[in-house]
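# Inside the fold
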Amino acid sequence: MYNLYRWYPTGKVIFMAPTRPLVNQQIEACYKIMGIPKEDTAEMTGKQLRKNRSELWQTKRVFYVTPQVILADINSPEQNFPTDSIKLVVIDEAHKAKGRYAYTEVIKAISATNKQFRVLALSATPGRTLEDVAEVLRNLLISHIEVRWENSIDVSPYTFKKNIRTVVIPLGPTLSQIRDRYIELIDPYVRRLMDANVISHTRNLSSGWLVMEQKRFREACLIQRHPNYTAINSDFSAGMSMYHAMELLVRHGVRAFLNFFEDDSGSKPEEKFFVAKDLRLKAFLDELREEYGRNPLAIFNNVGAPMPNGVVPRISADEKIDFGHPKFAILERHLREHFENHPDSKVIVFCEFRDSVAMIQRLLLQNRPLVKPKCIVGQGGTAGGLRAVTQKEQIAAMVPQWFINGTKT
């Protein structure tokens, strides 16, 4: 960015990131490292009036922006967007440049009239397959690839050493038994699909594989519709949901598994559409709900509206809560041991699943004051009493003020 800024005194440089917090993060880093004068830079957001953005595009040279803002201004007949003056476009989280994502459309729009600009695309996760990577390269007009590892000579001075220890957690006899019983309940759906000759085997099935097989089935029916199309399609949908639920059971536990079967899209939770038609499945779920008792995610919900993150009463000592997966007890033990030995340290627990965030919070609240948990979750409702944080709050969370004031997890 600094080189292109120096080499082309009238040229313009654009840095794009998918979210405003990432844009803000890069602004601060560039000021500290490159020293580009602040009077030449501008942060562009959708909150600014379009006429104000138009003036900035003409008077500034380095822009930090989300792709949606650029796309809106390029396509606006009112804007005199300086397409021909752009010399460099830097794209963070470049793996998102697939399909018709805004990154793809921005590069296509600029290259339509400007053939003399560079694209620098950055990603730590370029794609799961070669096809994914190839699509990103095509969409962003990439002609050269540079690969760096954490031990690369130009990267290692800026990385911290990590001590990685893997803890393998067996399912245990209880979860294994629940899984085996559940597989028996899935079997009739799979057998019907086998009998209809729309799937070829029952080995190592997954929700993702069934999605692809359903797509293939639907495409074949465009040529000749299967006489049992509706029933087969229904079995595909139920099978995908049930295999997804099994993944939740194995990875996140019984609580996440049971929560999945409650359809909370309406005013009050109801079970998934296919559960009512399957009496064996319904009886199985009812048995688990009775066995596992109160849901930790609902323990505090009877006090009214969701409370601010972390501000939740302590679970009473006689409240025996089963959190539904052995990993929760192991996590609790490791965190207790850590804080007993390092009481002034800080810990971040990353979770893949939103319900797990709420579940771990409930678990760790039992260990106050040794552990003082605080939750940071993104947009998407108030599951488990967790309030989604705004972008402003996410930015504040990146600056570890909540680490400084005594929060430990």
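Residues numbered from 1 in each chain as written. Predicted model: local features only at pLDDT ≥ 70, side-chain atom pairs only at ≥ 80, totals over all residues. Heavy atoms only, no water.

### Examining the confidence of the model for the protein chain
Short version of the rule: Here pLDDT means the predictor's own confidence in every residue, given as a number from 0 to 100. Contacts: residue pairs with any heavy atoms within 4.5 Å of one another.
On average, residues of the protein chain carry a pLDDT of 83, and 83% of them reach 70 or more. Low confidence marks residues 299-310, where pLDDT is under 50. Its contacts with residues over four positions away, or in another chain, come to 24 contacts.

### Structural notes on unusual backbone geometry
Here is the rule we go by: Every helix listed is a DSSP run of H or I at least four residues long, and every strand listed is a run of E at least two residues long, numbered separately from the N terminus.
In this structure, the amide linkage connecting R368 to the following residue, P369, adopts the cis form with an omega of 5°. Looking at the element boundaries, P369 is found in the loop between α13 (354-365) and α14 (391-398). Phi at N197 is positive, roughly 60°, even though this residue is not glycine. Examined against the element boundaries, N197 turns out to sit in the loop between α7 (172-195) and α8 (207-223). Backbone geometry places N204, a non-glycine residue, at a positive phi of 50°. Checked against the element boundaries, N204 lands in the loop between α7 and α8.

### Thoughts on helix α4 (residues 67-74)
Cut-off, in case you're wondering: For each residue, the accessible area found with a 1.4 Å probe, counting protein chains only, is set against the maximum for its type, and the residue is called buried under 20%, exposed over 50%, and partly exposed in between.
Burial analysis of α4 places six of its eight residues in the buried class, which makes it a mostly covered element. Within the sequence span of α4, burial applies to P67, V69, I70, L71, D73 and I74. Elements that come into contact with the buried residues of α4 comprise β1 (12-16), β2 (41-44), α3 (50-59), β3 (62-65) and α5 (102-113).

### Structural notes on the packing of α7 against helix α11 (residues 279-292)
To keep it simple, the criterion reads: Each axis is a line fitted through C-alpha atoms, taken for helices only over the stretch in contact, and angles between the N-to-C directions span 0 to 180 degrees. The labels follow the angle: roughly parallel below 35 degrees, roughly antiparallel above 145, roughly perpendicular from 65 to 115, and oblique for the rest. In this scheme the crossing of two helices becomes right-handed for a clockwise turn of the near helix relative to the far one and left-handed for an anticlockwise turn of less than a right angle. Under the convention adopted here, Pro, Cys and the residues Ala, Val, Leu, Ile, Met, Phe, Trp and Tyr are nonpolar, Asp, Glu, Lys and Arg are charged, and Gly plus all remaining residues are polar.
Two numbers describe how α7 lies on α11: the axes approach to 10 Å, and their chain directions differ by 160°. In terms of orientation, α7 lies roughly antiparallel with respect to α11. Viewed along their axes, α7 and α11 form a crossing whose handedness is left-handed. Together, T174, I178, R181, Y182, E184, L185 and P188 of α7 and R280, L281, F284, E287, L288 and Y292 of α11 make up the contact between the two elements. In the contact of α7 with α11, the residues fall into eight nonpolar, one polar and four charged.

### A short note on the pattern of salt bridges
What counts is decided by this rule: Whenever a carboxyl oxygen of Asp or Glu lies within 4 Å of a side-chain nitrogen of Lys or Arg, that contact is scored as a salt bridge.
According to the stated counting rule, one finds 16 salt bridges in the structure shown. Here E337 makes a salt bridge to R333, at a shortest N to O gap of 3.9 Å. Here E337 pairs with R333, and both are found in helix α12 (residues 326-341), just four residues apart, close to one helical turn. Each of the salt bridges in this network shares a partner with another, and the network as a whole consists of R100, E105 and K108.

### Some thoughts on the sheet that holds strand β4 (residues 86-91)
Heads up, the condition is: A pair of strands counts as paired when DSSP detects no fewer than two bridges linking them.
Read from one edge of the open sheet, five strands run β2-β3-β1-β4-β5, paired in parallel fashion. The outermost strands of the open sheet, each flanked by one partner alone, are β2 and β5 (118-121). Neighbour-to-neighbour, the strand axes of the sheet open up by a mean angle of 15°, direction not taken into account. In this sheet, β5 lies alongside β4 in parallel orientation, the contact comprising four bridges. Along β5, the bridge assignment pairs V89 with V119. Contacts from helix α2 (residues 20-33) reach β1, β2 and β3, with the element oriented near 150° to β3.

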